[in-house]
Amino acid sequence: MTSSNPDYAFLHKLADAADAKTMQHFRSGYEVDNKLDAGFDPVTIADRSAEEAIRAVLEAERPDHGIIGEEYGRTRDDAENVWVLDPVDGTRSFICGTPLWGTLIGLRTNGKASQGIMSQPYNSERFWGNCEEAFMTGPLGERTLKTRSCASLSEAIITTTEPSLFTETERPVWDAICAEARLTRYSTDCYGYAMVAAAGFDAVIETGMNTYDILALIPIIEGAGGFVTNWTGGNAADGGQVLATGDKRLHDELLTKLASVAA
């Protein structure tokens, strides 16, 4: 379970700083602000205070590194090493009191995801990895992560956060994929990706993603033996249309189905 990689300890230190803030506010009274003039994109004091806490550790201990955060933007984002932060991924779940949210902290090195951690403090769960190995800890103990075998879509359990996020041209393709899959679930946000690494889901298909929504999760899934690309099979570190799977055979099949609407 241990690794010689010294940055794992730092990943957990950053997650500790965020957890202390998010757990102050989860299932407690707080105001919910809306980022949008039209529509609803919620943000809370938990989002802001958790990112502030992570940034404070980074500025103190990695002052030459860059930072990209959902709430406070970009700092030194042309650095070789850039930390990519989503303090509460799944804010809608957070404000509803459901534990399908998490803090995402990823490291981008020379443009590629290199390390990442997802922390779900209410469940006392963490998932972390470096593209070559991945681990989790939680109420059932610690273990190495390994994706499961899934030869085809007809055998697959798939997920997306919300079907309405797909565009008018993308939605029919998603619906056709759902019709062929064994089982589809919704509203999982970052937790769905963690469950691909932990052999729960076989695939996540999403669109309109930002870099802070996905970068931290790439090293975890790839470290568990899975695959994360955009819908053309390229680097997903910048977000956009994202496909994450646990089995290369399923990944290739889904890329073929998504090709007609891949940007």
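For the structure itself, consult the block above.
Parameters and conventions
Residues numbered from 1 in each chain as written. Predicted model: local features only at pLDDT ≥ 70, side-chain atom pairs only at ≥ 80, totals over all residues. Heavy atoms only, no water. Helix = DSSP H or I, 4+ residues; strand = E, 2+ residues; numbered from the N terminus. Rg over C-alpha atoms; globule rule 2.2 N^0.38 Å. Buried < 20%, exposed > 50% of the residue type's maximum accessible area, 1.4 Å probe, protein only. Areas by Shrake-Rupley, 256 points an atom, 1.4 Å probe, with all protein chains shown as cover. Lys, Arg positive; Asp, Glu negative; His and termini not counted. Charge placed at Lys NZ, Arg CZ, Asp CG, Glu CD. Pairing = 2+ DSSP bridges. Axes fitted to C-alpha atoms, helices over the stretch in contact; angles between N-to-C directions. Contact = heavy atoms within 4.5 Å. Core = buried A, V, L, I, M, F, W, Y, C linked by side-chain atoms within 4.5 Å. Domains from an automatic or database assignment. Parallel < 35°, antiparallel > 145°, perpendicular 65-115°, else oblique. Left-handed = near helix turned anticlockwise from the far one by under 90°. Nonpolar A, V, L, I, M, F, W, Y, C, P; charged D, E, K, R; others polar. Phe/Tyr/Trp six-rings, centres within 6.5 Å; stacked < 30°, edge-to-face > 60°. Lys NZ or Arg CZ within 6 Å of the ring centre and 35° of its normal.

Colleague: Explain the overall build of the protein chain to me, please; I cannot follow it from the model alone.
Modeller: Within the protein chain, the secondary structure is distributed over eight helices and 15 strands. For 263 residues, the compact-globule formula gives about 18 Å, and the C-alpha radius of gyration of the protein chain, at 17 Å, lands near that figure. Oriented by its inertia axes, the alpha-carbon framework of the protein chain measures out at about 50 × 45 × 40 Å. Scored against the burial criterion, the 263 residues of the protein chain give a buried share of 56%. Accessible surface for the protein chain amounts to roughly 11000 Å². Of this, 49% is attributable to carbon and sulfur atoms. Placing the 22 positive and 39 negative side-chain charges of the protein chain at their respective mean positions leaves the two points 4 Å apart.

Colleague: Hey, could you run me through unusual backbone geometry in this one?
Modeller: The bulk of non-glycine residues show a negative phi, and the bulk of peptide bonds are trans. Of note, the phi angle at Cys131 is positive, near 80 degrees, even though the residue is not glycine. With respect to the helices and strands, the residue Cys131 is situated in the loop between strand S8 (125-129) and strand S9 (134-138).

Colleague: Sorry if this is basic, but what is going on with the sheet that holds strand S13 (residues 203-209) here?
Modeller: Paired through backbone hydrogen bonds, the strands of a sheet run either parallel or antiparallel to each other. Read across the sheet, five strands follow the order S12-S11-S13-S15-S14 without closing on themselves; strand pairing throughout is mixed. Either end of the sheet is taken by a strand with one partner, and the two such strands are strand S12 (183-186) and strand S14 (227-230). Going from strand to strand, the sheet's axes swing by 20 degrees on average, the running direction of each strand aside. Pairing of strand S11 (residues 157-160) with S13, which is carried by two bridges, proceeds in the parallel orientation. The partner of Thr159 across the bridge, within S13, is Val204. Sheet strands in contact with helix H4 (residues 171-180) are S11, S12 and S13, and its direction is about 150 degrees off that of S11.

Colleague: What is the right way to look at the nonpolar core in this model?
Modeller: Soluble globular proteins tend to pack their nonpolar side chains together in the buried interior. In this structure, Met118, Phe127, Leu145 and Tyr193 are the most contacted members of the largest nonpolar core, which totals 37 residues. Among the elements of the structure, strand S5 (81-89), strand S7 (112-120), S9, helix H5 (189-197), S13, helix H6 (211-214), helix H7 (218-223) and strand S15 (240-245) are those that each provide at least two residues to this core. Tallying contributions element by element places H5 first for this core, with seven residues. Two domains each put at least three residues into this core: domain 1 (8-144) and domain 2 (153-259). In this structure Tyr193 touches Val204, Glu206, Met209, Ile214, Leu217, Ile221, Val242 and Ala244, once residues within four positions along its chain are discounted.

Colleague: Looking at this structure, I do not really get the packing of helix H1 (residues 7-25) against helix H2 (residues 45-61). What am I missing?
Modeller: When two helices pack together, their arrangement is captured by the angle between the axes and the distance separating the axes. Relative orientation of the contacting elements H1 and H2 amounts to 155 degrees, with a least axis distance of 8 Å. The orientation of H1 relative to H2 falls into the category roughly antiparallel. When you trace H1 past H2, the crossing you get is right-handed. Counted together, Phe10, Lys13, Leu14, Ala17, Ala18, Lys21, Thr22 and His25 of H1 and Ile45, Ala46, Ser49, Ala50, Ala53, Ile54, Val57, Leu58 and Glu61 of H2 form the full contact between these two elements. Of the residues that constitute the contact of H1 with H2, the class distribution is 11 nonpolar, three polar and three charged.

Colleague: Would you take a moment to explain the environment of Ser124 for this structure?
Modeller: Following the sequence through the fold, Ser124 ends up in the loop between S7 and S8. The spatial distance from the C-alpha of Ser124 to the C-alpha of Asp19 is 9.8 Å, given a sequence separation of 105 residues. With residues up to four places along the chain from it excluded, the contact list for Ser124 reads Thr137, Gly138 and Pro139.

Colleague: Can you walk me through the packing of aromatic side chains in this structure?
Modeller: The geometry of an aromatic ring pair is captured by the separation of the ring centres together with the interplanar angle, meaning the angle of the planes. One pass over the structure, following the stated rule, counts 11 aromatic pairs. Cluster of aromatic residues (ring-pair linked, three or more members): Phe26, Phe94, Trp101 and Tyr122. In this structure, Arg62 packs its charged tip against the face of Phe10, placed 3.9 Å from the ring centre.

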